[in-house]
Amino acid sequence: MDRKIFILVLCSVSAVVGSGLSRRAYGDDSKHGFLACGSHTYIVNGVGEKIWTFDHATRDGYVLPDGRIVLTLNQSAKYPVGAVVLVTRDGMEPKLVWKGTQAEVNSAQPTTDGSVVLTEAGPKPRLVEVDFDGSVLREFPLQCQLDNHHMQTRMARKLADGTFLAPHLLDFAVRHYGVQGELLGELKTSMNDAQSRPLETWPFTAIRHGDQHTLVCLTHGNRVIDFDQSGKIVWQLVNDDLPGPWLQDPCGAQVLENGNFVITSYAAGQVDPKAPKLFEVTLDKQVTWTYRDNETHGIHHFQILDEQGAPLAELPRK
């Protein structure tokens, strides 16, 4: 049986007692469970108990409505260039969906069509759509730099219209691909700081939401931006908007049904021990929920669940 870690619920962002879940509520008493992916993979419920763990580092993960979990595995002895697996919480052997063929497998998104969209980094970076038995339904090359495989792409996602978004880190661009891989457009993420110095604004997560807006987390640049349909930046979150330097390598994000954004900072707790690993923020930049613990590992990506750690009815926008 997995060991449960009981975490004390706090009511103040500034006070952290032991290891724990904390909240700062502006008229909201959010209690989120979540799946965490990173060097540690686990599910936490709404009062901070770890209710499930998986003994493998992961980059991406989805809890399906039926409770099964799609995970993108880091490289390991068993999977030297990564893999995608389907797991359950009852300890059954994971089902292999895809074994990597190049340098890395960087993301895997289950779709409403019953397929899985994944990306491979390497000398021939590509997007592949497969069924749960691993049969290839679609594949096409990704248009990105070839010198640094690890920095080619991250959270590629299939959109409701059947097209695809892929963030390309060192290209400083989120590219929009058609169903055959044709380039339909791009959002450029390169920008300067207040002193006109270029920022390392690597796009990591790109989420299509609302009226054709695209929310993008920019790692190292330590900001989150929202583009409108025309490609104009219409919203931006930086550390000056927050109680402290909470954006420390922001990687994953999720758009909730209430319109709020949940963001994870991969280096939170390493640079500033008081910085939360996850926080929920409104469009007017009010923080409604935070999560902290005493562990040094970061959260690479996540999925918000209900208070019991069960999946919500629909696949998330993440």
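A quick note: this is a predicted structure, and the numbers were derived from the prediction, not measured. (Residues numbered from 1 in each chain as written. Predicted model: local features only at pLDDT ≥ 70, side-chain atom pairs only at ≥ 80, totals over all residues. Heavy atoms only, no water.)

Remarks on the nonpolar core
The biggest cluster of nonpolar side chains holds 18 residues, and the ones touching the most others in it are Leu215, Val224, Leu237, Leu242, Leu247, Ile263 and Phe279. The next biggest cluster of nonpolar side chains, apart from the first, holds 14 residues, and it includes Phe54, Ile69, Leu73 and Leu305. (Core = buried A, V, L, I, M, F, W, Y, C linked by side-chain atoms within 4.5 Å. Buried < 20%, exposed > 50% of the residue type's maximum accessible area, 1.4 Å probe, protein only.)

Comments concerning the environment of Pro80
Looking at where Pro80 falls in the secondary structure, it is placed in the loop between strand 7 (69-73) and strand 8 (83-87). Residues Pro80 and Phe261, 181 residues apart in the sequence, show an inter-C-alpha distance of 34 Å. (Helix = DSSP H or I, 4+ residues; strand = E, 2+ residues; numbered from the N terminus.)

Some remarks on the pairing of strand 16 (residues 173-177)
For strand 16, a buried count of five out of five residues is recorded, marking the element as mostly surrounded by other parts of the structure. Residues Ala173, Arg175 and Tyr177 of strand 16 are buried on one face, and the alternating residues Val174 and His176, pointing to the opposite face, are buried as well. Where strand 15 (residues 164-168) and strand 16 come together, five bridges link them in antiparallel fashion. Residue Leu165 lies in a different strand from strand 16, and its bridge partner there is His176. Between strand 15 and strand 16, which pair antiparallel in sequence order, lie four residues; one of them, Phe172, sits at a positive phi of approximately 50°. The pairing of strand 16 with strand 17 (residues 183-188) spans five bridges and is classified as antiparallel. Looking across to strand 17, one finds that His176 is bridged to Gly185. What sits between the antiparallel neighbours strand 16 and strand 17 is a turn of five residues, in which Gly181 has the positive phi angle 95°. (Pairing = 2+ DSSP bridges.)

A word on the confidence of the model for the protein chain
On average, the protein chain scores 88 in pLDDT, and the residues at 70 or more come to 91%. Here residues 1-28 is a poorly scored stretch, pLDDT under 50, and it has 68 contacts once near neighbours within four places are set aside; other chains count. (pLDDT = per-residue confidence, 0-100. Contact = heavy atoms within 4.5 Å.)

Some thoughts on the side chain of Thr264
Relative to the elements of secondary structure, Thr264 occurs in strand 23 (residues 261-265). With relative accessibility at 0%, the residue Thr264 sits in the buried group. At 2.9 Å, the side chain of Thr264 and the backbone oxygen of Lys277 are in polar contact. Dropping the residues within four chain positions of it, Thr264 is found in contact with Asp249, Pro250, Cys251, Gly252, Lys277, Leu278, Ile299, His300, His301 and Phe302. (Polar contact = N/O pair within 3.5 Å; in protein donor to acceptor, adjacent residues only side chain to side chain.)

Observations regarding unusual backbone geometry
Even without being glycine, Phe172 reaches a positive phi, approximately 50°. Relative to the elements of secondary structure, Phe172 occurs in the loop between strand 15 and strand 16. Phe172 gets classed as partly exposed once you look at its relative accessible area, which sits at 25%. If you check the backbone angles, Lys285 has positive phi at about 70° while not being a glycine. With respect to the element layout, Lys285 can be found in the loop between strand 24 (278-281) and strand 25 (287-291).

Details of the packing of aromatic side chains
In total, this model carries seven aromatic pairs according to the counting rule given. Ring centres of Trp235 and Phe261 lie 5.1 Å apart, and the angle between their planes is 75°; this geometry places the pair in the edge-to-face category. Here Trp235, found in strand 21 (residues 233-237), pairs with Phe261, found in strand 23; they are 26 residues apart in sequence, far enough to count as distant. Here Trp235 and Phe261 have matching classes, each one buried. Each residue in the set Phe34, Trp289 and Tyr291 is aromatic and connected to the rest through ring pairs, giving one cluster. Lying over the aromatic face of Trp235, Lys285 brings its terminal NZ or CZ to 5.9 Å of the ring centre. Sitting above the plane of the Tyr62 ring, Lys318 keeps its charged end 4.1 Å from the centroid. (Phe/Tyr/Trp six-rings, centres within 6.5 Å; stacked < 30°, edge-to-face > 60°. Lys NZ or Arg CZ within 6 Å of the ring centre and 35° of its normal.)

What about the sheet that holds strand 6 (residues 58-63)?
Sheet strands line up and pair through hydrogen bonds in the backbone, either parallel or antiparallel. Strands sit in the order 6-7-8-9 across an open sheet of four strands; the sheet is antiparallel. The outermost strands of the open sheet, each flanked by one partner alone, are strand 6 and strand 9 (95-99). Between one strand axis and the next, the sheet turns by 15° as a mean value, whatever way the strands run. Relative to strand 8, strand 7 runs antiparallel, the two being bridged by five bridges. The residue of strand 8 that forms the bridge with Thr72 is Val84. (Axes fitted to C-alpha atoms, helices over the stretch in contact; angles between N-to-C directions.)

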